[in-house]
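An overview of the molecular structure
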Amino acid sequence: MREHLILGIESSCDETAAAIVAGGRRILSSVVASQTDIHRKYGGVVPELASREHLRRIVPVVREAAGQAGVDLRDVDAIAVTRGPGLVGALLVGITYGKVLAMSLGKPLVGVNHLEGHVHAVLLEAHSAGRVPALPAVCLIVSGGHTILYHVKSESQNGGPPKFSYARIGGTRDDAAGEAYDKVARMLALGYPGGPVIDKLAAHGNPDAVRFSEPKIKGNPHDFSFSGIKTAVLYHLRRNPQLQPEIEVRQRAIARGERSAEALRALSTFATLDLIAGFQRAVVDNLVARTLDAATQRGVRTVLVSGGVAANSALRRAFETESPRRGIESYFPSRALSTDNAAMIAAAGHARFLVGDRADSTLEPAANLPLD
Ligand code: KG4
Ligand code: ZN
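Residues numbered from 1 in each chain as written. Chains lettered and ligands numbered in written order. Predicted model: local features only at pLDDT ≥ 70, side-chain atom pairs only at ≥ 80, totals over all residues. Heavy atoms only, no water.

**Some remarks on the overall build of the chain**
- Counting its secondary structure elements, the chain contains 13 helices and ten strands.
- Its C-alpha radius of gyration of 21 Å places the chain within 12% of the 21 Å reference for a compact globule of 372 residues.
- With respect to the three principal axes, the spread of C-alpha positions in the chain is 65 × 50 × 35 Å.
- For the chain, contacts bridging at least 24 residues in sequence account for 74% of all contacts bridging at least 6. (Helix = DSSP H or I, 4+ residues; strand = E, 2+ residues; numbered from the N terminus. Rg over C-alpha atoms; globule rule 2.2 N^0.38 Å. Contact = heavy atoms within 4.5 Å.)

Next up, the structure:
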């Protein structure tokens, strides 16, 4: 049987993305137009600017995805578009264009949950690498907008296509982990987004020099909290005013456009690098421990980690060392598929397409769309 070709469209936050994926596994193209440069000076995503930029980029991005794949849009089998969660105005651009394309080309439209996309980013690549993760799995989605644990299952009836189901195990009570990275980067003048620079700088500090206490959370033991860790950085800076002058120096460097990790490291003392390393250790240890505990408690031997923070090298290393000790296998997408992209939406859309899931012209953005 010919592999189904799915066009994926993603516009939930600050990346306008389109991709063509064959058979839910083979990426023929994946185009991501990032808006980071636009939002950088505000230190976070500005919703109105995001919508306007999606409007400007969506048509060329879809055209480029088709061109790179060498696929005529008339030959795709379905169009998969992110329905939520995300920014309503941003989602609306992708959904509207998806509907227009589906209608004009006479193709089925499939609405996809963005979080489900992140789950499929891992499955998609693991499959193409021939390392097929055994389900059920516990999936940690960890990004600038989300820190959430799901129990992922797949079931197929009478040898039919697998139907995926997701049950929420726990999630953050306050900040998402990526948001904590971004806020700490802002306090320390390390640019935006903060994750990639903190990732690089942390390697040059001593993670044991500044200790962070384990967040105390009542109730669900699988919930996360990162605002305490972020506040601990703030208090540390207040107690150590000698760190202030270098913050101002870095602020001026960033204003001049010198925002590479190397440039910022040259402007950071060991005291700052130690603080960064301690912060990252606290976040990573917390993510790894809670995810593996959730898997162990459920007797699940597969862990999937996805989302922007899944690009973090210390997080990857910690999962790679800790998982085998507990008899668990952990899987990550490549860095390109960790952050928002449309190949993951096409892959998740393919699974929904196979089980007959269809959307129509009434499809609307759902800012808080739950996955389970
Ligand atoms: O998935 P994503 O592109 O967008 C959201 O849905 O939020 O994730 C972006 C987030 C940002 O907070 C960014 O600081 C963080 O992921 N991030 C990282 C790394 N690369 C990106 N955090 C830690 N280490 C990294 N290497
Ligand atoms: Zn995302």
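**Structural notes on the site of ligand 1**
- Around ligand 1 there are 18 residues in total, and G144, D182, G195, D199 and N312 lie nearest to it.
- The side chain of S143 places a nitrogen or oxygen atom 3.5 Å from an oxygen atom of ligand 1.
- The side chain of D199 places a nitrogen or oxygen atom 2.9 Å from a nitrogen atom of ligand 1.
- Here ligand 1, which alone exposes 560 Å², has 89% of that area covered by the protein.
- Elements represented by at least two residues in the shell around ligand 1 include exactly α5 (177-187) and α6 (194-202).
- Residue contributions to the shell around ligand 1 peak at four residues, all from α6.
- Per-class residue counts for the shell around ligand 1 are five nonpolar, nine polar and four charged. (Near = heavy atom within 4 Å. Polar contact = N/O pair within 3.5 Å; in protein donor to acceptor, adjacent residues only side chain to side chain. Areas by Shrake-Rupley, 256 points an atom, 1.4 Å probe, with all protein chains shown as cover. Nonpolar A, V, L, I, M, F, W, Y, C, P; charged D, E, K, R; others polar.)

**Section: the pairing of strand β1 (residues 5-10)**
- β1 sits mainly inside the fold: six of its six residues count as buried.
- In β1, alternate side chains face the same way, and those of L5, L7 and I9 on one face and I6, G8 and E10 on the other are all buried.
- In this structure, the hairpin formed by β1 and strand β2 (residues 15-22) is closed by a connection of four residues.
- In this structure, β1 lies alongside strand β4 (residues 78-84), joined through four bridges in parallel fashion. Residue I9 lies in a different strand from β4, and its bridge partner there is V81. (Buried < 20%, exposed > 50% of the residue type's maximum accessible area, 1.4 Å probe, protein only. Pairing = 2+ DSSP bridges.)

**Regarding the coordination of the zinc ion (ligand 2)**
- Those protein atoms acting as donors to the zinc ion (ligand 2) are H114 (NE2), H118 (NE2) and D340 (OD), and they sit at 2.1 Å.
- Viewed at the metal, the four donor atoms of the zinc ion (ligand 2) are separated by angles of 92 to 144 degrees, and the geometry they form is irregular. (Donors = N, O, S within 2.8 Å, 3.2 Å for Na, K, Ca; no water. Tetrahedral: all angles 85-135°; square planar, octahedral: opposite > 155°, others 65-115°.)

**A short note on the domain arrangement of the chain**
- Looking at the chain, the domain boundaries give domain 1 (5-132 + 335-354) and domain 2 (177-300).
- For domain 1 and domain 2, the distance between their C-alpha centroids amounts to 30 Å.
- Opposite the eight residues of domain 1 that make contact, domain 2 presents four residues.
- Summed over both sides, the interface between domain 1 and domain 2 buries roughly 500 Å², with carbon and sulfur atoms accounting for 51% of that surface.
- Of all residues in domain 1, T36, R40 and G43 give up the largest surface area on contact with domain 2, accounting jointly for 72% of the area buried on that side.
- Where domain 1 touches domain 2, the interface holds one residue pair in polar contact (both at pLDDT 80 or more). (Domains from an automatic or database assignment. Buried area = accessible area lost by both parts, 1.4 Å probe.)

**Brief notes about the side chain of S51**
- Counting through the fold element by element, S51 comes out in helix α2 (residues 47-69).
- S51 sits in the buried class, given a relative accessible area of 18%.
- When neighbours within four sequence positions are excluded, S51 is seen to be in contact with G89, A90 and V93.

**Points about the nonpolar core**
- Counting residues in hydrophobic clusters, the biggest one holds 53 residues, and the most contacted among them are L190, F279, L287, V305, L315 and F319.
- In terms of residue count, helix α10 (residues 270-298) provides more of this core than any other element does, 13 residues in total.
- Discounting chain neighbours no more than four positions away, the residues touching V305 are V122, L140, V142, A310, L315, F319, Y331, F332 and P333. (Core = buried A, V, L, I, M, F, W, Y, C linked by side-chain atoms within 4.5 Å.)

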